[in-house]
Amino acid sequence: ARVERAPLRRPATRPPAAPAFSARQAVKVRRYGEGQVVCADSGSITVEFADGSRRSFVPGSVEALPHAARGPIAPKAGTEGERP
């Protein structure tokens, strides 16, 4: 006896998701604190912190802040002029 099988269906392909973050957007990273987005795509967000350091994160580890800080990042109190 011959068994008929349904044709295989390929999953629908979706266009790449637009980044959820935009450049200069104020964000918070649990371990590092507040910073500003330098660049973002669907898989990575690069954030600059007040001390000038930049780190990249997966989108799920970065939280958008409600205030829209769009200017330069102000250094933390007592850290002016310090560089690691």
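Okay, so let's go over this structure. Please read these numbers as outputs of a predicted model, since none were measured by experiment.

What to know about the overall build of the protein chain
And step 1. When its secondary structure is counted, the protein chain shows zero helices and five strands.
And step 2. Listed by position from the N terminus, the elements making up the protein chain come as β-β-β-β-β.
And step 3. For the protein chain, buried positions account for 19% of its 84 residues.
And step 4. Excluding contacts between residues fewer than 6 apart, the proportion of contacts in the protein chain whose partners are at least 24 apart in sequence is 41%.
And step 5. With the model as given, the accessible surface of the protein chain reaches about 7,000 Å², and the carbon-plus-sulfur share is 52%.

Structural notes on the pattern of salt bridges
And step 1. All chains considered together, the criterion is met by one salt bridge.
And step 2. With a shortest N-O distance of 3.4 Å, R54 and E48 are connected by a salt bridge.
And step 3. Given the relative accessible area of 24%, E48 is considered partly exposed.

Looking at the nonpolar core
And step 1. In this structure, F21, V27, V29, V37, I45, V47, F49, F57 and V62 together form the largest nonpolar core, which totals nine residues.
And step 2. Looking at this core, the elements with two or more residues in it are β1 (26-29) and β3 (45-49).
And step 3. Ranked by the residues each element gives to this core, the list is headed by β3, at three residues.

A word on unusual backbone geometry
And step 1. A positive phi angle, close to 70°, is found at R24, a residue other than glycine.
And step 2. With respect to the helices and strands, R24 occurs in the segment before β1.

Procedures and definitions
- Residues numbered from 1 in each chain as written.
- Predicted model: local features only at pLDDT ≥ 70, side-chain atom pairs only at ≥ 80, totals over all residues.
- Heavy atoms only, no water.
- Helix = DSSP H or I, 4+ residues; strand = E, 2+ residues; numbered from the N terminus.
- Buried < 20%, exposed > 50% of the residue type's maximum accessible area, 1.4 Å probe, protein only.
- Contact = heavy atoms within 4.5 Å.
- Areas by Shrake-Rupley, 256 points an atom, 1.4 Å probe, with all protein chains shown as cover.
- Salt bridge = Lys/Arg side-chain N within 4 Å of Asp/Glu carboxyl O.
- Core = buried A, V, L, I, M, F, W, Y, C linked by side-chain atoms within 4.5 Å.

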